Every structure is written in C-alpha cells, then in structure tokens.
Amino acid sequence: MSDIQRTDDEQLISSARRAFFRRFAPEPEQVVPNSRYPRPPWAVDNTLFLALCTQCDQCIDQCPMRVLGRSDEKEEILSGRPVLDLSYGSCDFCGQCVDACPAGALSREKGKKRQTIPQLSGSCQAELGLYCNLCEEACPEQAISFGADKKPAIDLSLCSGCGECAMDCYSRVLVMAKA
Ligand code: SF4
Ligand code: SF4
Ligand code: SF4
C-alpha cells in the first residue's frame, strides 16, 4: 500500500470515528455494545466496525452463498448491521463481501477473517455409540478428529470457521458460534 493510500485510509477512519462518537457518544465508562451475532468475515474490531460501517448492504448483496443478513437486534447502534448466519449455509471465503465494502469495515489488512467457531451444543451421535463422522468428512481443513471420548475434537489452529461441519451434522448438535 502506498503512503498516499495509507493517509487516505487513516483520514477515512478518523472522520468515521468522529462521526460515530458524535452520533453515539457513549457516557463516560459506558461500554460500546457488541452484537451477539458474528460479523461478516474480515470485519474489524467492534468499535471500529460500528464507526465505519455505513449499512450500505453491499457485502450482503454480493454474497453468493446468501449467508449475510441484517441484524434484528433492537439497539439502534446494532440494528440492521450486517451479520453472518451459518445456520443454513456455509462460507467459502470467496472474498466478495470484503472486496465490496467501500468503508473499511471489512478489511483483509485490519480485520479478522474467522468470525465463527463450531461448538457442540448437545450429545453427538458418535458419543451416543452410533456410527457418524459426517462433520469430519465435511471439513475441508482436516480440523476435526475423534478421540477416545468419541466426541469430535476441533483443532482451532486449522479451523477456518466455514460452517461446513455444522451444515452436515444431521442431529444439529454442532453449531457455529461467535468466535
Ligand atoms: S466470503 Fe464470500 S461466501 Fe463468505 S460471507 Fe463473504 S461473500 Fe459470502
Ligand atoms: S459493505 Fe461494509 S459498510 Fe457496507 S454494510 Fe457491509 S460492512 Fe457495512
Ligand atoms: S468450521 Fe469449517 S474448517 Fe472449522 S471445523 Fe467446521 S468444517 Fe472444519
């Protein structure tokens, strides 16, 4: 990135921060609220995201997997912001959302690619003694293995947060949670 681009980026972030604090000026000691939902891949940290995101919906419109939507949260500052929902689909990290974001709220340089991780929310079929390794087979990163306890163990150093394992878990006990 050139110095000129970096200066432009910094000015953009500074003016967005100022606009954010003018609109949502938190009281002293008040914490900026965070969404209970994961953000789109490559989202920057919460406070900066809320400052920069203009709710233009371009990330949502560009997503070919239709896994981005608007938050239904009631708080004004969170309502309508883009969130990632892997309940009925997965993300292949095509990058169309980050490339579409004109505001820097999604950023390959400053953001975090993985916004979700898989978690067990109940008794897995394998743990109950039934044969199943669908999640292990579905994982493109070989991040899942079965240990002596017969539960799927997820290696988070390999996991991309794509959601394929949760999609293939037919008992729906493997769910994607906010990272
Ligand atoms: S990386 Fe691609 S599939 Fe994943 S949320 Fe962004 S646009 Fe959708
Ligand atoms: S494209 Fe960027 S600015 Fe627009 S809604 Fe998505 S995250 Fe917000
Ligand atoms: S979220 Fe994707 S990479 Fe992570 S364990 Fe599941 S299938 Fe593998």
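Structure first, text after, so check above.
Every value quoted in this text rests on a predicted model; they were computed, and no experiment measured them. (Residues numbered from 1 in each chain as written. Chains lettered and ligands numbered in written order. Predicted model: local features only at pLDDT ≥ 70, side-chain atom pairs only at ≥ 80, totals over all residues. Heavy atoms only, no water.)

Draft legend 1. Looking closely at the overall build of the protein. Within the protein, the regular secondary structure consists of 6 helices and 6 strands. Across the protein, helices and strands are ordered from the amino to the carboxyl terminus as α-α-α-β-β-α-β-α-β-β-α-β. Buried residues in the protein amount to 42% of all 179 residues. (Helix = DSSP H or I, 4+ residues; strand = E, 2+ residues; numbered from the N terminus. Buried < 20%, exposed > 50% of the residue type's maximum accessible area, 1.4 Å probe, protein only.)

Draft legend 2. How the structure looks around the site of ligand 3. Around ligand 3 sit 13 residues in total, of which Cys139, Cys159, Cys162, Gly163 and Cys165 are the nearest. Looking at the shell around ligand 3 residue by residue, the class counts come to 8 nonpolar, 3 polar and 2 charged. (Near = heavy atom within 4 Å. Nonpolar A, V, L, I, M, F, W, Y, C, P; charged D, E, K, R; others polar.)

Draft legend 3. Here's a closer look at the site of ligand 1. For ligand 1, the set of nearby residues contains 13 residues, the closest of which are Cys63, Cys91, Cys94, Gly95 and Cys97. Looking at side-chain class alone, the shell around ligand 1 contains 11 nonpolar, 1 polar and 1 charged residues.

Draft legend 4. Seen up close, the nonpolar core. Counting residues in hydrophobic clusters, the biggest one holds 40 residues, and the most contacted among them are Phe49, Leu68 and Leu106. Listed by contribution, the elements that provide at least two residues to this core are α2 (46–52), α3 (58–62), α4 (96–100), α6 (164–168) and β6 (174–178). In terms of residue count, the dominant contributor to this core is α2 (4 residues). Residue assignment places this core across two domains, with domain 1 (3–100) and domain 2 (116–178) each supplying three or more. In this structure leucine 68 touches Pro40, Pro41, Cys59, Ile60, Cys63, Val83, Leu84 and Cys97, once residues within four positions along its chain are discounted. (Core = buried A, V, L, I, M, F, W, Y, C linked by side-chain atoms within 4.5 Å. Domains from an automatic or database assignment. Contact = heavy atoms within 4.5 Å.)

Draft legend 5. Representation of the packing of aromatic side chains. According to the stated counting rule, one finds 1 aromatic pair in the structure shown. An angle of 90° between the planes, with centres 6.1 Å apart, marks the rings of tryptophan 42 and phenylalanine 93 as edge-to-face. With a gap of 51 residues between them, tryptophan 42 in the loop between α1 (3–24) and α2 and phenylalanine 93 in the loop between β2 (82–84) and α4 connect regions that are remote in the sequence. By relative accessible area, tryptophan 42 is classed as buried at 7%. The ring of tryptophan 42 carries the charged tip of arginine 108 above its face, separated from the ring centre by 5.1 Å. Above the face of the phenylalanine 93 ring, lysine 113 is positioned so that its terminal group lies 4.9 Å from the ring centre. (Phe/Tyr/Trp six-rings, centres within 6.5 Å; stacked < 30°, edge-to-face > 60°. Lys NZ or Arg CZ within 6 Å of the ring centre and 35° of its normal.)

Draft legend 6. Spotlight on the environment of alanine 43. Residue placement: alanine 43 occurs in the loop between α1 and α2. Look at alanine 43 and you get buried, because its relative accessible area is 3%. Separated by 39 residues in sequence, alanine 43 and proline 82 have C-alpha atoms that sit 9.9 Å apart.

Draft legend 7. Highlighting unusual backbone geometry. Positive phi, close to 55°, is recorded for phenylalanine 93, a residue that is not glycine. You can call phenylalanine 93 buried: its relative accessible area is 17%. Phi is positive for glutamine 142, close to 50°, though the residue is something other than glycine. Relative accessible area serves as the criterion here: at 61%, glutamine 142 is assigned to the exposed category.

So, to be careful, I would describe these as geometric facts and stop short of saying anything about function.
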